[in-house]
Amino acid sequence: MSAPILAVVTIAGNVPDRGSLEALSLARGIAAGTDAPLEAVLVADGPTARSAVASLAGSGLKTAIVVEHPLLTGDHPDGWAAAVAQVIEDRGPGAVVGVGTERGNELMARVAARMGLPMAANCLAVEPGERYRLTRQRWAGSLLEDCWLDAPVRLMTVAPNSVAIGEPDGSPAPDVATIAVTLDDRDLALHVTSRDAPERGRISLTDAKVVIGGGRGVGSAEGFADLEELAGLLGGAVGGSRVVTSAGWRPHADQIGQTGLRIAPDIYIACGISGAIQHVVGSKAAKHILAINTDPEAPIMGVADYAVIGDLHVVVPAISAEIRRRRAAAS
Ligand SMILES: Cc1cc2nc3c(=O)[nH]c(=O)nc-3n(C[C@H](O)[C@H](O)[C@H](O)COP(=O)(O)OP(=O)(O)OC[C@H]3O[C@@H](n4cnc5c(N)ncnc54)[C@H](O)[C@@H]3O)c2cc1C
């Protein structure tokens, strides 16, 4: 049998996060194409990793690797790079697929640097073989690159929100293999000391099924109240263009686009956003786009499925009012 294919799976709240499911899907395809067993190294402290193993049933995984070290928690980037490198040496995989988030790319880049291997980020498709042929996103997704990856161990990450998450295949929860790793003080020197907890109940932009985006046309930080109201009614999240984050109307973490977040909602409602390419690359995975803009010639119209030409401060409250009216009529 061929060398195993290894996915890097980050555990959030005792289950794999979305990016990890994408990495698992890509890795599963490679494993199927090479007749290789699929394995995963779980990025979480030992007890958390063990408690997440049952949730990996149906993902085609043969083995879940739990890393043991008394000081290693999910918050040590260098520690995890050292740990994943040691797992690679122990298991001898032909390829390793990591998560395409900033942290996931950082982890794989550190693994690559430690092992003296090349690493390909933002992969969409992989044809395994003697040489691996990859299709990957470049320039924030505005072009696709076909390339070869030649290495004894092929390290890659998956482009976020771009690979379909595979359906459960009926496979049982994987076997657990525990690997004790050796870390030195330098591996643990860099670690996360605190986090800003998201507001309770707030839906993250990358997971939201409905995203309301605001641009310069919103006019002010206060102008976002109309968008927040609509998001509240639809169970969605509010984001914005770089203009609004640069102006301080919204935090930088809410920026959608090339230098912000990639979103993949069922519907993206872009309000007062012109549709610059740097914005659109962050929202093109949306299933549908509704543009609300005073300018019928705005570039966003070229990518929108639906459009309302008008002042967003009239149109958005009117949509909210209509939703309320219909809900009241239905109850
Ligand atoms: C390297 C680089 C990286 C970048 N990264 C990003 C990024 O990650 N994300 C990003 O968003 N941008 C990014 N940008 C900036 C990008 O090029 C645009 O400048 C920005 O997206 C424009 O924001 P906007 O659409 O809000 O503003 P504008 O382009 O000024 O558009 C405002 C729109 O609002 C409409 N409007 C005005 N008033 C109303 C109203 N009352 N009702 C309805 N519509 C109204 C106007 O018709 C117009 O279409 C980047 C640029 C560079 C060079």
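Residues numbered from 1 in each chain as written. Predicted model: local features only at pLDDT ≥ 70, side-chain atom pairs only at ≥ 80, totals over all residues. Heavy atoms only, no water.

Novice: Teacher, can you tell me more about the overall build of the chain here?
Specialist: A count of helices and strands for the chain gives 9 helices and 15 strands. Considering only C-alpha atoms, the chain reaches an extent of 60 × 40 × 40 Å along its principal axes. Here the contacts in the chain between residues at least 6 apart in sequence split such that 66% fall between residues at least 24 apart. When the accessible surface of the chain is totalled, it reaches about 15600 Å², and 53% of it is carbon and sulfur. (Helix = DSSP H or I, 4+ residues; strand = E, 2+ residues; numbered from the N terminus. Contact = heavy atoms within 4.5 Å. Areas by Shrake-Rupley, 256 points an atom, 1.4 Å probe, with all protein chains shown as cover.)

Novice: Explain the pattern of salt bridges here, please?
Specialist: Side-chain pairs of opposite charge can arise where the charged atoms are in close proximity. Considering all chains together, one arrives at 20 salt bridges under this definition. Between Arg-28 and Asp-169 there is a salt bridge, with its nearest N and O atoms 3.9 Å apart. In this pair, Arg-28 sits in helix H1 (residues 18-34) while Asp-169 sits in the loop between strand S9 (154-158) and strand S10 (175-180), placing the two residues 141 residues apart along the sequence. Among the salt bridges present, the one from Asp-146 reaches Arg-133, with a minimum N-O distance of 3.8 Å. Here Asp-146 is found in strand S8 (residues 143-149), whereas its partner Arg-133 is found in strand S7 (residues 132-138), with 13 residues between them in sequence. Beyond isolated ion pairs, a larger network of salt bridges with shared partners links Asp-78, Glu-106, Arg-110, Arg-114 and Asp-187. (Salt bridge = Lys/Arg side-chain N within 4 Å of Asp/Glu carboxyl O.)

Novice: When you look at the side chain of Asp-226 in this model, what are you seeing that I'm missing?
Specialist: Within the secondary structure layout, Asp-226 lies in helix H6 (residues 224-234). Although buried, Asp-226 forms no salt bridge, and the nearest oppositely charged side chain, Arg-324, lies 9.1 Å from it. At 2.9 Å, the side chain of Asp-226 and the side chain of His-313 are in polar contact. When sequence neighbours within four positions are dropped, the list of residues in contact with Asp-226 reads His-313, Val-316 and Pro-317. (Buried < 20%, exposed > 50% of the residue type's maximum accessible area, 1.4 Å probe, protein only. Lys, Arg positive; Asp, Glu negative; His and termini not counted. Polar contact = N/O pair within 3.5 Å; in protein donor to acceptor, adjacent residues only side chain to side chain.)

Novice: Any chance you could explain helix H4 (residues 102-115) here in plain terms?
Specialist: Every α-helix carries 3.6 residues per turn, so stepping three or four residues along brings you back to the same face. Under the 1.5 Å per step criterion, the end-to-end length of H4 is 20 Å for 14 residues, consistent within 8% with the ideal 20 Å. Taken together, the buried positions of H4 are Gly-104, Asn-105, Leu-107, Met-108, Val-111 and Ala-112. All buried residues of H4 lie within an arc of 160° about the axis, which places them on one face of the element. Facing away from the buried surface of H4 by more than 90 degrees, the exposed residues are Glu-102 and Ala-113. On its buried side, H4 packs onto strand S1 (5-12), strand S3 (38-43), helix H3 (77-91), strand S5 (95-98), strand S6 (119-127) and S9. Backbone geometry just downstream of H4 places Gly-116 in the positive-phi region, at approximately 65°. (Expected span 1.5 Å × (residues − 1). Arc of directions from axis to C-beta.)

Novice: Help me out: how do you make sense of the environment of Ile-165 in this one?
Specialist: Along the chain, the position of Ile-165 falls in the loop between S9 and S10. Judged by relative accessible area, which is 32%, Ile-165 ranks as partly exposed. Separated by 42 residues in the primary sequence, Ile-165 and Cys-123 place their C-alpha atoms 14 Å from one another. Every residue in contact with Ile-165, bar those within four places of it in the chain, is listed here: Arg-18, Leu-21, Glu-22 and Ser-25.

Novice: Mind showing me how you'd approach the sheet that holds strand S15 (residues 306-309) here?
Specialist: Hydrogen bonds between backbone groups are what pair the strands of a sheet, and the pairing can be parallel or antiparallel. In spatial order, the strands read S12-S11-S13-S14-S15; together these 5 strands make up an open sheet with parallel pairing. Two strands in the sheet have a free side with no partner beyond their single neighbour: strand S12 (237-240) and S15. Between one strand axis and the next, the sheet turns through 20° on average, direction left out of account. Strand direction decides the pairing type here: strand S11 (residues 210-214) and strand S13 (residues 267-271), joined by 5 bridges, are parallel. What sits directly across from Val-210, in S13, is Ile-267. Sheet strands in contact with H6 are S11, S12 and S13, and its direction is about 175° off that of S11. Sheet strands in contact with helix H9 (residues 312-330) are S13, strand S14 (288-293) and S15, and its direction is about 130° off that of S14. (Pairing = 2+ DSSP bridges. Axes fitted to C-alpha atoms, helices over the stretch in contact; angles between N-to-C directions.)

Novice: Can you walk me through the pairing of S3 in this structure?
Specialist: Remember that side chains alternate between the two faces of the sheet whenever the strand is regular. Most of S3 is tucked away, with 6 of its 6 residues classed as buried. Burial of the side chains of S3 extends over both faces: Leu-38, Ala-40 and Leu-42 are buried on one face and Glu-39, Val-41 and Val-43 on the other. The pairing of S1 with S3 spans 6 bridges and is parallel. Bridging from a neighbouring strand, Ala-7 pairs with Ala-40 of S3. The pairing of S3 with strand S4 (residues 63-68) spans 4 bridges and is parallel. Directly across from Glu-39, in S4, lies its bridge partner Thr-63. In the classification by handedness, the crossover that spans S3, the intervening helix H2 (residues 46-52) and the parallel S4 is right-handed. (Right-handed = clockwise from strand over helix to strand, strands pointing away.)

Novice: Would you explain the site of the ligand in this entry?
Specialist: As a structural note, the neighbourhood of the ligand is formed by 26 residues, with Arg-216, Ser-241, Thr-259, Ser-274 and Asn-293 the closest of them. One of the backbone N or O atoms of Arg-242 is found 2.9 Å from an oxygen atom in the ligand. When the ligand is considered free in solution it has 990 Å² of accessible area, and contact with the protein chains removes 74% of it. Of all the elements in the fold, those that place two or more residues in the shell around the ligand are helix H7 (242-246), helix H8 (277-283) and S14. (Near = heavy atom within 4 Å.)

That is the geometry; function is a separate question.
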